[in-house]
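Given next are the chains, with one letter for each unit.
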Amino acid sequence: MARARTRLVLLLAALVAACSSASRDASGGAGQGGAGGGASGAEAGQGGAGIGAAGSLAAAGGGASAGSGASGSGGESGSGAAGGAGGAAGSGADFALPPSNAGLDYQLGGAYQPPSGVMIVSRDRHEQPAAGLYNICYVNGFQIQPDEEDFWVNQHPDLILRDQSGDPVVDQDWDEMLIDVGSAEKRTAIAAIAGDWIQGCANAGFDAVEIDNLDSYSRSGGRLHEDDAVAMMSAFSAAAHAAGLAIAQKNSAELVARRDELGTDFVVAEECNRYDECDVYTGAYGDHVLVIEYRTADFTKGCSNHPGLSIVLRDLELVTPGNPAYVYDGC
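Every chain begins its residue count from 1, and numbering advances along the sequence as written. It should be noted that, the model being predicted, local features are given only for residues of pLDDT at least 70 and side-chain atom pairs only at 80 or more, the latter also being counted only at that level, while totals for whole chains, interfaces and linings use all residues. Heavy atoms throughout the structure, all of them, feed into the side-chain values; hydrogens and water do not.

Here's the deal with the packing of aromatic side chains
Right, so step 1: In summary, the pairing rule links any two rings of Phe, Tyr or Trp, Trp by its six-membered ring, whose centres are within 6.5 Å, and it sorts them by plane angle into stacked for under 30 degrees, edge-to-face for over 60 and tilted for everything else. For the coordinates displayed, the defined rule picks out four aromatic pairs.
Right, so step 2: Where Phe142 meets Phe236, the ring centres are 5.5 Å apart and the plane angle is 85°; that geometry is what we call edge-to-face. A residue pair is termed long-range when its members are at least 10 positions apart, and Phe142 in the loop between strand S9 (134-140) and strand S10 (143-144) and Phe236 in helix H4 (residues 226-242) qualify at 94 residues.
Right, so step 3: A simple rule labels every residue: compare its accessible area, found with a 1.4 Å probe on the protein chains alone, to the largest value its type can have, and call it buried under 20%, exposed over 50%, or partly exposed in between. With a relative accessible area of 1%, Phe236 lands in the buried category.
Right, so step 4: A centroid spacing of 5.5 Å and a plane angle of 85° characterise the contact between Phe151 and Trp152, whose relative ring orientation is edge-to-face.
Right, so step 5: In this structure Phe151 comes out as partly exposed when scored by relative accessible area, which is 28%.
Right, so step 6: Of the aromatic side chains, those joined through ring pairs into one cluster are Phe151, Trp152 and Trp197.
Right, so step 7: Residue placement shows Arg125 over the ring face of Trp197; its charged tip is 3.9 Å from the ring centre. Going along the chain from the N terminus, every DSSP run of H or I of four or more residues is numbered as a helix, and every run of E of two or more is numbered as a strand. Placement of a charge over a ring requires the Lys NZ or Arg CZ to be within 6 Å of the ring centre, with the centre-to-atom vector within 35 degrees of the ring normal.

So this is what it looks like as structure tokens:
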């Protein structure tokens, strides 16, 4: 009973102190938790990663999406993990989402003059955006493209996922080494590297980024897990929003339910008609789903079943016009 009375007295004292503090904050302006989203700070939730306006990583851990106070050139602003209508993870970051049901071209195999009627173009981060269109910057954030192996092997060998023999774990389909996103420390280092790439996309004039191979954990032989990928994507989303860019979830329909943690704003989906996944994406992102199909039957099916989406038919290697294998069509 004595301990109970003591706790009651302490509780009453704490309540009085809290009321006094609230009164001081109300009369003297915003307290330490005042108006959110300042350009100098990054706000990370539940161990997620936050990146400030300068593009530096504030923290990296495993979880929820992060907010930032940078402003960009777009037209929609996000607030909170899902970001309202635009799906932005951030407080005060301005960016534009791709237009709905607009002509789309997927030019990762090389930049060229977009066909007539195209309003949205995705290009590699080493290319320049197409003038007058909505441009998405492709970044391979979870795997290493063959032409970038020397950079990782020579400068960041500890960030390459390795097997029990110390050899790199490789995605056999694309001959790409996997990046090791399996710890908070490594995710911090990776976010710093990719954050520079993302800022470069913004500096070049892109409107958004798509981060490829979110699902690489499924090819890691159990060395990486879904939570690792989600935490890494949260950091990438914070970097994009800090730079004033929208960011896409790339494939990985199984992670749509964790959109708030991912911090993503729209989807770039390959072959969602082929694998009957388009409804999963539209259920979370509405019409902000950009679809690439590589088979005519799937493209035709998509145009019929999803007339409100941007859908393009491309060849699997994404070659440029003039190559006999080049394929392009739009709904």
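What about the sheet that holds S10?
Right, so step 1: What the three strands build is an open sheet, ordered S10-S12-S11; its pairing is antiparallel. Two strands in the sheet have a free side with no partner beyond their single neighbour: S10 and strand S11 (170-171).
Right, so step 2: Strands are treated as partners if at least two bridges between them are detected by DSSP. Here two bridges tie S10 to strand S12 (residues 176-178), and the two strands are oriented antiparallel to one another. When the sheet's bridge partners are listed, Gln143 is paired in S12 with Leu178.

Section: the pairing of strand S15 (residues 266-270)
Right, so step 1: Buried residues dominate S15, accounting for four of its five residues.
Right, so step 2: Across three bridges, strand S14 (residues 246-250) lies against S15 in parallel orientation. Following the sheet pairing, Gln249 is matched in S15 by Val267.
Right, so step 3: Sheet topology note: the S15/strand S16 (residues 289-293) ladder contains four bridges and is parallel. Each residue of the ladder has a partner; that of Glu270, found in S16, is Ile292.
Right, so step 4: Look down the strands so they point away from you; if the path from the first strand over the helix to the second goes clockwise, the crossover is right-handed. Regarding the hand of the β-α-β motif, the stretch spanning S15, helix H6 (residues 278-285) and S16 is right-handed.

Remarks on the nonpolar core
Right, so step 1: By nonpolar core is meant a set of buried Ala, Val, Leu, Ile, Met, Phe, Trp, Tyr and Cys residues that side-chain atoms within 4.5 Å join together. Judged by nonpolar contacts, the single largest core of 40 residues is most densely connected at Phe142, Val209, Ile211 and Phe236.
Right, so step 2: Of all elements in the fold, only S9, S12, helix H3 (184-204), strand S13 (208-212) and H4 reach the threshold of two or more residues within this core.
Right, so step 3: By definition in these notes, contact holds between two residues if any of their heavy atoms fall within 4.5 Å. Non-local contacts of Phe236, meaning those with residues more than four positions away in its chain, are made with Gly141, Phe142, Ile190, Ala191, Ala194, Ile198, Ile211 and Ile247.
Right, so step 4: Formed by 18 residues, the second largest nonpolar core is a distinct cluster that contains Leu104, Tyr134, Leu290 and Tyr294.

Let's talk about the sheet that holds strand S18 (residues 328-330)
Right, so step 1: Taking strand neighbours across the sheet as the criterion, the nine strands line up as S7-S8-S9-S13-S14-S15-S16-S17-S18 in an open arrangement whose pairing is mixed. A strand with exactly one partner marks an edge of an open sheet, and here the two such strands are strand S7 (103-106) and S18. Between one strand axis and the next, the sheet turns by 25° as a mean value, whatever way the strands run.
Right, so step 2: Lying on the sheet, H4 is in contact with S13 and S14; it crosses S14 at an angle near 155°.
Right, so step 3: Fitted lines through C-alpha atoms serve as axes, helices being fitted only where they are in contact, and the angles separating the N-to-C directions of these axes extend from 0 to 180 degrees. Those strands touched by H6 are S14, S15 and S16, and its axis lies near 175° from that of S15.

Let's talk about the pattern of salt bridges
Right, so step 1: Throughout this description, the term salt bridge denotes a Lys or Arg side-chain nitrogen within 4 Å of a carboxyl oxygen of Asp or Glu. What the rule picks out here adds up to 15 salt bridges.
Right, so step 2: Asp105 is the partner of Arg314 in a salt bridge, and the nearest nitrogen-oxygen pair spans 3.8 Å. Taken together, the residues span a long stretch of sequence, with Arg314 in strand S17 (residues 310-314) and Asp105 in strand S7 at a distance of 209 residues.
Right, so step 3: We classify Asp105 as buried; its relative accessible area is 0%.

A short note on the side chain of Ser216
Right, so step 1: Take Ser216: it is sitting in the loop between S13 and H4.
Right, so step 2: Residue contacts for Ser216: discarding those within four places in its chain leaves Phe142, Gln143 and Leu178.

Regarding the environment of Leu108
Right, so step 1: Note on placement: Leu108 falls in the loop between S7 and strand S8 (118-124).
Right, so step 2: Along the sequence, Leu108 and Arg125 sit 17 residues apart, while their C-alpha atoms lie 9.2 Å from each other.
Right, so step 3: Residues in contact with Leu108, not counting those within four places in the same chain, are Ser122, Arg123, Asp124, Tyr138 and Leu318.

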